[in-house]
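# Examination of the molecular architecture
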Amino acid sequence: MTPNLNLWLIPVLPLIGATINGLFGKRFSRQTVSAIALGFSGAAFVRALWILVQASASTLPHIESLAPWIRSGDFQVDFAFYLDQLSLVMLLVVTGVGFLIHIYSVGYMWEESGFYRFFAYLNLFMFFMLTLILASNYLLMFIGWEGVGLASYLLIGFWFTKDSAASAGKKAFIVNRIGDFGFLIALFLMIKHFGSLNFEQVFQSVSGMPTEVAGAGLLTSIGLLLMVGAAGKSAQIPLYVWLPDAMEGPTPVSALIHAATMVTAGVYMVARSHVIFDHAPQALMVVAIVGTLTALFAATIGVCQTDIKKVLAYSTISQLGYMFMACGVAAYSAGIFHLMTHAFFKGLLFLAAGSVIHAVGGEQDMRRMGGLRHHIPWTFWTMTAATFAITGVPLFAGFYSKGEILWRVYSSGNTVLWLIGVLTAFLTSFYMFRLWFMTFFGEYRGETAADHDDDHVHAISSSPTAPAAHGHGGIHESPKIMLIPLVILAVLSIFGGSAGGKRFDKFLSPVLHNHMAVDGADATTPAPEEKEQHGLEILLESVSVLAAAAGLFLAWLLYQRRPQLPQEIAHALGGFYETVVHKYYVDEIYAAVFVKPLIDGSTRILWHGIDQDVIDATLDNSAEGAREVSDAVRHMQSGNLRSYAGWIAAGAAVVIAYMVWMGTR
Amino acid sequence: MVPLSYYLVLSGILFACGVTGFLIKRNIITIFMSIELMLNGVNLSFVAFAAQWHALRGQVFVFFVMVVAAAEAAVGLAIIIAVYRTRETLNVDRVNLLKL
């Protein structure tokens, strides 16, 4: 008998916070708002930790049915929560990183006028994200899925008076809708063929079906449609375009939603649906290819970006590509492992970038930074940890997770994918160290301190949460409340990977047992070969470390040693460089191929044609016709007694004539 | 014996006279008398049929019609007097207060 874990509390706690802050936050002081937001998200984290302790003793998976939702014949969907090792990992990552980012946001957003609104949205996001993770069926998951999309939209467009932020929010929302379309169709297929959306029932039905090795059948279609949904949410080719634009939102939002948690929902969903994918190898192959291509593609764009947040955005897309690559070779645990470490170091990178932006007064262009390491040492060192982690410097978190992914890709026999993965690792290292060198080394290339925007986040010093006052006008370190989360995340980025892929794999094995069966087959192979494999693994890992080192060297050479060289190279590459700088013109192509025809078609056919000429015209004309007819008829009602009598007589005459005519027929 | 059709034609002529008078006359009294004419045209056809078919019902109807007509005359003349007192005219075209 499992103890009552009260899973429902975890998502509901942030919801309470969101409700209080959203409804009454305007009247509260900033201290109260932050206390409520931090209190409820912190409580969710504490609950998650408590569940970790409880659940490891009890038997997983744990199902908790709260209330019936839809009952229709045999089909039923409940408000039910499902906890297993996979959701537990996600739970801890989301509540933990989420809580840290909440803390950071208090400092970062202190000066903003929509302070309460920001925290209401942030808590709302936590609610939906936790619903997504803990759902026990696809429909409840979909609720969370849509909900995080909503929260993402609200937060990207947080500065809604800025046109670019408002349209970035819209773009994110609409692109996600395209993915959701695929997700929904997959759900419909499941209802039609399995008669249920509960994970357990669906997976049980799927397990009984043969693996679709040759032809593409039902499971392949479901898998591909789920992947469409995942590609939308997790910013994979071809639906990644919204994520870079999403950087219009406040930096903590980029860290929480567009790096650490929400965008990984697609990976989580694929891992959750691994039974389906295991039975549809072709769909799985598509996942792997999409992930690999996205990883490479986004990395190349990241190399040429100059906006510090845009680099990180493309890096996020690229790292998500890695996760899908792992899922695509059925190494789900490696994908989830990378998801976790990525949440640490990418969350940290964004927060540190936010701290840098804060320090230089809102400047995001790396060409106007430089030499910041002496001014903001805490930010510098934490960011260094994160950079090392993401590039896969040995013993840092990213080294383990990325190494695990590349190893699993290689050992699954996809050498081409592995090569692209290594190439991407090189590019990752290059653009990350490029960012590192451009931001923290060399001479400061920004405007002089006197021009520093005094309206920027400063009053934090007057708040009781950050008593350390700092002078106006200079490049300055962020307040403590922002630095503490940085430090914690830096520690996690350094040591978070030491859990190790193998141990992680073992922890998740009860959930992902299907592919463990494959592993079991591996285990039966003779020991010496395994040893040989281990040697090979070390060899491969050294290759990726070398790739990372090459990236570091190149970045050092180009941006530290000879800063004028990049210009020359760019010049030499000419058209190709231009293409990459413009992100391969993907936005322009989408605009020309999809958006413009859609807008033109909507304007000409739907608006002018159907709405104005048919619907409006029908109404207008019928109203006009009614008025004309009544205009003609109303003169009958003159108020003249004799004319009334005349009409009666005429009517009677008509009736009599009709009856006579009928009688003589 | 006079054929039925003669009575009916006379009845129709009386009714038509009543209708015409109702439509073309402006004086309320005249209009009132036209209504009586119509009623009597109808009465004539009732009694004609009653005589033709040896049925008493038609004659009974006539009595009812006469009673109603008498009552109507009493009420109608009272209304006409009331109208005259307020409007000081008997021209129906000027009795149009209900018109907007």
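Since this is a predicted model, take the numbers as computed values, not measurements.

Conventions used here
- Residues numbered from 1 in each chain as written.
- Chains lettered and ligands numbered in written order.
- Predicted model: local features only at pLDDT ≥ 70, side-chain atom pairs only at ≥ 80, totals over all residues.
- Helix = DSSP H or I, 4+ residues; strand = E, 2+ residues; numbered from the N terminus.
- Buried ≥ 20, exposed ≤ 12 C-beta atoms within 10 Å, placed from the backbone.
- Contact = placed C-beta atoms within 7 Å.
- Expected span 1.5 Å × (residues − 1).
- Nonpolar A, V, L, I, M, F, W, Y, C, P; charged D, E, K, R; others polar.
- pLDDT = per-residue confidence, 0-100.
- Core = buried A, V, L, I, M, F, W, Y, C linked by C-beta atoms within 7 Å.
- Pairing = 2+ DSSP bridges.
- Axes fitted to C-alpha atoms, helices over the stretch in contact; angles between N-to-C directions.
- Parallel < 35°, antiparallel > 145°, perpendicular 65-115°, else oblique.
- Left-handed = near helix turned anticlockwise from the far one by under 90°.

## Brief notes about the overall build of chain A
For chain A, the helix and strand inventory stands at 26 helices and two strands. Structurally, chain A occupies a C-alpha span of about 115 × 70 × 55 Å along its principal axes. For chain A, the proportion of its 665 residues judged to be buried stands at 49%. Taking all contacts inside chain A whose residues are at least 6 apart in sequence as the whole, residues at least 24 apart take part in 79%.

## Some words on the overall build of chain B
In terms of regular secondary structure, chain B is built from three helices and zero strands. Reading the helices (α) and strands (β) of chain B from amino to carboxyl end gives α-α-α. With the C-alpha coordinates of chain B rotated into their principal frame, the extents come out at 50 × 25 × 20 Å. Expressed as a percentage of the 100 residues in chain B, the buried residues total 12%. The contacts of chain B with a sequence gap of at least 6 include a subset with a gap of at least 24, amounting to 50%.

## A closer look at helix α3 (residues 85-108) of chain A
For α3 of chain A, which comprises 24 residues, the first-to-last C-alpha distance of 34 Å matches the rise-based estimate of 34 Å (1.5 Å per residue) to within 8%. The buried fraction of α3 of chain A is high, at 23 of 24 residues.

## Regarding the interface of chain A and chain B
When the parts of a complex come together, some accessible area is lost, and that lost area is often taken as the interface size. Every contact between the two is made by seven residues of chain A and, on the other side, eight residues of chain B. Its residues assigned to classes, the side of chain A that touches chain B shows three nonpolar, three polar and one charged.

## Here's the deal with the confidence of the model for chain B
Per-residue confidence for chain B gives a mean pLDDT of 89; residues scoring 70 or more make up 97%. For this predicted complex, the interface confidence reaches an ipTM of 0.80, while the overall pTM sits at 0.77.

## Digging into the nonpolar core
Counting residues in hydrophobic clusters, the biggest one holds 214 residues, and the most contacted among them are F125, M227 and V287 of chain A. Setting aside anything within four residues of it in sequence, one finds V287 of chain A in contact with M227, V270, F277, F324, C327 and G328 of chain A. Counting residues in hydrophobic clusters, the runner-up holds five residues, among them V19, I28, I31 and F32 of chain B.

## Describing the pairing of strand β2 (residues 75-83) of chain A
Taken residue by residue, a regular strand's side chains alternate between the two faces of the sheet. Residue and element names in this part refer to chain A. One ladder, built from nine bridges, connects strand β1 (residues 62-72) with β2; its direction is antiparallel. Within β2, the position partnered with E64 by the bridge is F81. Counted between consecutive antiparallel strands, the loop separating β1 from β2 contains two residues, among which G73 sits at a positive phi close to 65°.

## Quick notes on the packing of helix α10 (residues 251-260) of chain A against helix α15 (residues 332-359) of chain A
All names here are of chain A. The N-to-C vectors of α10 and α15 enclose an angle of 160°; their axes lie 8 Å apart at closest approach. Between α10 and α15, the crossing angle belongs to the class labelled roughly antiparallel. Relative to α15, α10 is oriented so that their crossing is right-handed. Of the residues in α15, those in contact with T251, P252, S254, A255, A259 and A260 of α10 are A343, K346, G347, F350, L351, A353, G354 and I357. Of the residues belonging to the contact of α10 with α15, the class tally is nine nonpolar, four polar and one charged.

## Section: the environment of A299 of chain A
Residue and element names in this part refer to chain A. With respect to the element layout, A299 can be found in helix α13 (residues 281-304). Separated by 310 residues in sequence, A299 and G609 place their C-alpha atoms 44 Å apart. A299 has contacts with S318, T424, L427, T428 and Y431, leaving out every residue within four places of it along the chain.

## Some points on unusual backbone geometry
Between I237 of chain A and P238 of chain A the backbone carries a cis peptide bond, its omega angle lying at 5°. In this fold, P238 of chain A is placed in the loop between α8 (218-233) and α9 (242-245). Phi at H54 of chain B is positive, roughly 55°, even though this residue is not glycine. Along the chain, H54 of chain B falls in the loop between α2 (28-53) and α3 (57-87). Accessibility expressed as a C-beta count within 10 Å gives 7 for H54 of chain B, which makes it exposed.

## Structural notes on helix α26 (residues 641-664) of chain A
Given 3.6 residues per turn, any residue in an α-helix points the same way as the ones three and four places further on. With 24 residues, α26 of chain A extends 34 Å between its outermost C-alpha atoms, agreeing within 8% with the 34 Å of an ideal straight helix rising 1.5 Å per residue. Counting buried residues along α26 of chain A, only zero of its 24 residues qualify, which leaves the element largely exposed.

## Observations concerning the environment of V33 of chain A
All names here are of chain A. Residue placement: V33 occurs in helix α2 (residues 30-57). When the C-alpha atoms of V33 and F118 are compared, they prove to be 9.9 Å apart, with 85 residues separating the residues in sequence. Ignoring anything within four residues of it in the chain, the contact list for V33 reads N21, G25, F28, F115, Y116 and F119.

## Things to note about the environment of A425 of chain A
Residues and elements named next belong to chain A. Counting through the fold element by element, A425 comes out in helix α18 (residues 415-440). On the neighbour-count criterion, A425 (30 C-beta atoms within 10 Å) is buried. C-alpha separation for the pair A425 and A549, spaced 124 residues apart in sequence, amounts to 9.8 Å.

## Quick word on the packing of α3 of chain A against α15 of chain A
Residues and elements named next belong to chain A. The N-to-C vectors of α3 and α15 enclose an angle of 5°; their axes lie 10 Å apart at closest approach. In terms of orientation, α3 and α15 fall into the roughly parallel class. Packed against α3, whose contacting residues are L86, V89, V93, V97, I101, Y104 and Y108, the element α15 presents I336, M340, A343, G347, L351, G354 and H358 at the interface.

## Here's the deal with the confidence of the model for chain A
Residue and element names in this part refer to chain A. In this model, chain A carries an average pLDDT of 85, and 91% of its residues clear a pLDDT of 70 or more. Below a pLDDT of 50 lies the segment residues 449-472, which in the model reaches 40 contacts outside its immediate sequence neighbourhood of four places, other chains included. Long-range and interchain partners of residues 514-528, a stretch whose pLDDT sits below 50, account for 10 contacts in this model, where long-range means more than four residues apart.

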